Amino acid sequence: MKTSRWLYFSVFLLYFFLLGPFVIIFIAAFGAESTLAFPPTGFSLQWFARIVETQQFIDSFWTSLWIGLGATAISLMFGIPVAYALVRFNFKGMSAVETLFSAPILVPGLVIGFSMLNFFVLFGRIEVMTGLLLGHTAILFPYSVRVTSVSLRNLDPAVEEAAVSLGANRLRAFMLVVLPNMRSGIAAAFILGFITSFNNVPVSLFLTGPGITTLPISMLSYMEYYFDPTIAALSTVLVIFSILLVQLAERVLGLSRFI
Amino acid sequence: MMAYLNIQNLRVEYVRDVPTLDNFNLTVNEGELVALLGPSGCGKTTTLRSVAGFIEPAAGTIKVAEKDYTTLPPNKRDIGMVFQSYALFPHLTIFDNVAFGLRMRRIQRKGIKKRVDEVLQMVDLQDYADRRPVQLSGGQRQRVALARAIVIEPTLLLFDEPLSNLDAKLRVEMRNEIRRLQQRLGITALYVTHDQVEALAISDRVVVMNKGEIEQIGQPEAIYNQPETAFVADFMGFVNCFDADVTSKEQSILALQAQDYTLHATYTGDDDPQRVQVFFRPDAVALSDEPSENSLNGQVILRTFQGQVVEYIVETALGNMIIYMPEDAPRFEAHVTLSLKTERLIAIAYE
């Protein structure tokens, strides 16, 4: 009995510290004061209206959306073949390749951002949008490889051989048999990749340029000048957006296992 | 008869200069089902996969119906393969699984429908065409795999331990079904298994393999009754074994001296061996109380009831022997005589 009381208490503490800040932001977003306050004294939706009125947020939202979708798609286009090679073949230097592909997870984002700034902008003179796209593709790549590898590992290699023995060449066997069976892994990698890109600060910080910025960066710069609940309102919207996205993923992926 | 499948001097290396198979020769006649039998790592699966084209041999040739298959890509071989894991396409219906090979051959829709229905009928799964593999039992899945392999009218059928994932009762059913279909369609087949009973029951000929070498090729009866090597004898259940010196040979009967015993055993070789190993099965012996010809004396050290048979472990001067007696035979205790029939004592020369 004593253990279970301690257990409840520690679970409560955990949730309190994890969710508490969200709850405060969520409530403060509906406040009437012009500075962020808790508890708020009145109720108002004006800060939500302010988001839509702020052109900076609208522009950067679209930038983030396109960068997120584009970078995820490109990273998967290259990540799936790499995952396939890592899972199906055994070659010299395989572990080196694996380590190389996980490097962007292990290296601090600021370091990646800074080196990309040097490489893309100063050295390569690449446009801001292209730089952002390439930078995000690079950080998403390891996720694409890892997540799709899991669904590949779960697919019996004999299935592919069966397709080949029935007359499909390697490429057709991959397209007709392997790829369709990786779809839940690909969908999961897509959602994870998109969220990672959408939330990224350290790499974007270095690669955004005049007139082009991502949503998290524009939120940061807004907060340097204003301390009204607009950011709280925007955060609330983003949290709800993320939850919906994950729910959707669960629906689609959960269902696909039974269909 | 012309060899239909002809494997000559096959050499396979997984690791450079370390052959898994070397100088391997095997021929299979048209319409024949040959089982490759052996423990894991004996090279039976390697042989099968070389024929399928999944392994590129380092040397040697593989021919099917006089056509050189050695360097032909696996998707051009028209070989039907049945895998241990069934290897059905999880995302396709049973119909589409079976139709896959026909679609790869660009056969018209109507023709595909007719052919798939026909083959599903053959394996008694006509009512399951719209299901997915996950909705089927293990036995049903393996029947789909069989249907998928035969629908393309393959030049050769390959089975890679197809029954290992099924329970004992289903295994016998599926075994009979595979054999029945193979004979009905007259397809030449190569069948890999590590299960002796399965190999004996399903095949026209058995190839016993060990460490990349063929130990013995023969009809199931010959493999079961007349093993030619110590490995085959041991693998086929000749659990009792002792050493003996040959005193004389008359046709296929050897007179032997094993310690104080003078015994007679069967020997199938043409040469005159000096020293042999003698093998016999637990059911090849009659226990009795009285001394007789061709017999050993022993002491019962354990009697265990096993249903149809009673197992005795008998200590003799030549080692402990395992003997099965019918369940209704009289009970033996302490001293017994093991009467050995000459035709069931198999002598094998020391190499």
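Just so we're clear, the structure is a prediction, and the values are computed from it rather than from any experiment.

(A) Fine view of the environment of V172 of chain B. Residue and element names in this part refer to chain B. Following the sequence through the fold, V172 ends up in helix α5 (residues 168-185). Of the residues examined, V172 reaches a relative accessible area of 37% and is grouped as partly exposed. Taking the C-alpha atoms as reference points, V172 and R281, 109 residues apart in sequence, are found 24 Å from one another.

(B) Just the sheet that holds strand β18 (residues 319-326) of chain B, in detail. Residue and element names in this part refer to chain B. Judged by pairing direction, the sheet is antiparallel, and its five strands sit side by side in the order β15-β19-β16-β17-β18 without closing on themselves. A strand with exactly one partner marks an edge of an open sheet, and here the two such strands are β15 (285-288) and β18. Averaged over all neighbouring strand pairs, the angle between strand axes comes to 45°, with direction disregarded. Of the pairings in the sheet, the one linking strand β17 (residues 309-316) to β18 comprises eight bridges and is antiparallel in character. Residue V314 lies in a different strand from β18, and its bridge partner there is M321.

(C) Molecular detail of the sheet that holds strand β4 (residues 59-64) of chain B. All names here are of chain B. Pairing in this open sheet of four strands is antiparallel, and the strands run β2-β1-β4-β5 from one edge to the other. Strand pairing shows two members of the sheet lacking a second neighbour, β2 (18-29) and β5 (67-68), which therefore form its edges. Bridge count between strand β1 (residues 3-15) and β4: five bridges; the pairing is antiparallel. Looking at the pairing, L5 lines up with V64 of β4. Of the strands in this sheet, β1, β2 and β4 touch helix α1 (residues 44-52), which is tilted by about 110° from β1.

(D) Local environment of the packing of aromatic side chains. In this structure the tally under the stated criterion is 22 aromatic pairs over all chains. For the pair W6 of chain A and F9 of chain A, a centre-to-centre distance of 6.0 Å together with 80° between the ring planes defines the contact as edge-to-face. Remark: F9 of chain A and W6 of chain A occur in helix α1 (residues 2-28); sequence separation between them is three residues, near one turn of the helix. The interplanar angle of 50° and the centroid separation of 4.6 Å between the aromatic rings of F89 of chain B and F100 of chain B together place this pair among those described as tilted. One end of the pair, F89 of chain B, is in the loop between β6 (79-82) and α2 (94-104); the other, F100 of chain B, is in helix α2, with 11 residues separating them in the sequence. Judged by relative accessible area, F100 of chain B falls into the buried class, the value being 5%. Members of the aromatic cluster, connected to one another through ring pairs, are F61, W62, W66, F194, F198 and F241 of chain A.

So, how was this worked out
Residues numbered from 1 in each chain as written. Chains lettered and ligands numbered in written order. Predicted model: local features only at pLDDT ≥ 70, side-chain atom pairs only at ≥ 80, totals over all residues. Heavy atoms only, no water. Helix = DSSP H or I, 4+ residues; strand = E, 2+ residues; numbered from the N terminus. Buried < 20%, exposed > 50% of the residue type's maximum accessible area, 1.4 Å probe, protein only. Pairing = 2+ DSSP bridges. Axes fitted to C-alpha atoms, helices over the stretch in contact; angles between N-to-C directions. Contact = heavy atoms within 4.5 Å. Phe/Tyr/Trp six-rings, centres within 6.5 Å; stacked < 30°, edge-to-face > 60°.

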